[in-house]
Amino acid sequence: MLDAIYRATRARISELAEGLSGSQLRLPVPATPGWSVHEVLAHLTGGAADARAQRLDGAPGPSWTARHVAERRDRTVGELLKEWELASPAVEASLPERFAGPNLAADAICHEADLHEALGLGRVDREHWQPFLDAMGHLPGRRLPEAESLVITDELGREWRCGSDDAVTELRADGYELLRGLLSRRSRRQIAGWDWSPAPSPQLVDGFGVFGHRDDDQPIPGR
């Protein structure tokens, strides 16, 4: 499944990138290490090229991703997309069938939404990111103390339940926003402002995102 998701996500991002102007490529992308749209494309390409070459020292840390950007700073969009296309079959072959932790399919889905938010576009269609929400929805509950439980429900009625204690915290939130929060793409203030009952502890809010918490509010695209 993840190989098909990665292939389709690369195709959508490539189609988007081919139509961008120079000013759009220079736009800053929120929630990244200060990258522009062009630099996000360089990172996506570099990650695939490194997977193909088994050049994985430091992966997936900041020095690894920074090198992707630095090595491709002067390349055209066409050159980036061609390199990404050539490397993609090796990435697809390396992916597990289903989400079981960080991987390049999840990275592509995350950065596709980053690009949409940076460019002021609408949300990525739900069918593309739903499998990752299905797999990740239980993660915040795993960080709770044993004496607490968490029940998360999205707007479609899907539910993730962790813990079995009577002290239950309930969260009702939009599925897209849940996934963006889980990917550390929403600030502590934004996450705390969701529909919680009772109000969440600071520890729960701080630990909601898998890449740690953030304090800068992020753009929220229209539906």
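Residues numbered from 1 in each chain as written. Predicted model: local features only at pLDDT ≥ 70, side-chain atom pairs only at ≥ 80, totals over all residues. Heavy atoms only, no water.

K.L.:
So what exactly am I meant to see when it comes to the pairing of strand E1 (residues 149-153) here?
P.N.:
Looking along a regular strand, one sees side chains alternate from face to face of the sheet. The element E1 is largely enclosed, with a buried count of five among its five residues. Taking every second residue as pointing to the same face, both faces of E1 are buried, with Ser149, Val151 and Thr153 on one and Leu150 and Ile152 on the other. Pairing of E1 with strand E3 (residues 168-172), which is carried by five bridges, proceeds in the parallel orientation. Looking across to E3, one finds that Leu150 is bridged to Thr169. (Buried < 20%, exposed > 50% of the residue type's maximum accessible area, 1.4 Å probe, protein only. Helix = DSSP H or I, 4+ residues; strand = E, 2+ residues; numbered from the N terminus. Pairing = 2+ DSSP bridges.)

K.L.:
Help me out: how do you make sense of the domain arrangement of the protein chain in this one?
P.N.:
Where interface size is quoted, it is often the accessible area lost as the parts come together. Segmentation of the protein chain into domains returns domain 1 (1-119) and domain 2 (126-207). The centre of domain 1, based on its C-alpha atoms, is set 27 Å off from the matching centre of domain 2. At the junction of the two partners, domain 1 supplies 15 residues and domain 2 supplies eleven residues. With both sides pooled, the region where domain 1 packs onto domain 2 buries about 1,100 Å², and carbon together with sulfur makes up 67% of that total. Interface area lost by domain 1 to domain 2 is led by Phe99, Ile109 and Glu117, which between them contribute 42%. For the pair domain 1 and domain 2, the interface holds four salt bridges. (Domains from an automatic or database assignment. Contact = heavy atoms within 4.5 Å. Buried area = accessible area lost by both parts, 1.4 Å probe. Salt bridge = Lys/Arg side-chain N within 4 Å of Asp/Glu carboxyl O.)

K.L.:
Which parts of the structure should I look at to understand the confidence of the model for the protein chain?
P.N.:
Caution is warranted with low-pLDDT regions, since their predicted coordinates should not be read in detail. Summary statistics for the protein chain give a mean pLDDT of 92 and a share of 96% for residues scoring 70 or more. The secondary-structure element of the protein chain with the lowest mean pLDDT is helix H8 (residues 139-142), recorded at 82, while helix H2 (residues 22-25) shows the highest, at 98. (pLDDT = per-residue confidence, 0-100.)

K.L.:
Is there a simple way to think about the pairing of E3 in this case?
P.N.:
Residue alternation in E3 divides its side chains into a buried set, Thr169 and Leu171, and an unburied set, Val168, Glu170 and Arg172. Relative to strand E4 (residues 195-197), E3 runs antiparallel, the two being bridged by three bridges. Paired with Arg172 across the strands is Asp195, a residue of E4.

K.L.:
Teacher, can you tell me more about unusual backbone geometry here?
P.N.:
Trans peptide bonds make up most of the peptide bonds, and negative phi angles are found at most residues other than glycine. Ser197 connects to Pro198 through a cis peptide bond whose omega is -10°. You can see Pro198 is positioned in the loop between E4 and helix H11 (202-206). Of note, Gln54 is a non-glycine position whose phi angle comes to about 55°, a positive value. Mapped onto the secondary structure, Gln54 falls in the loop between helix H3 (37-53) and helix H4 (62-71). A relative accessible area of 60% places Gln54 in the exposed class.

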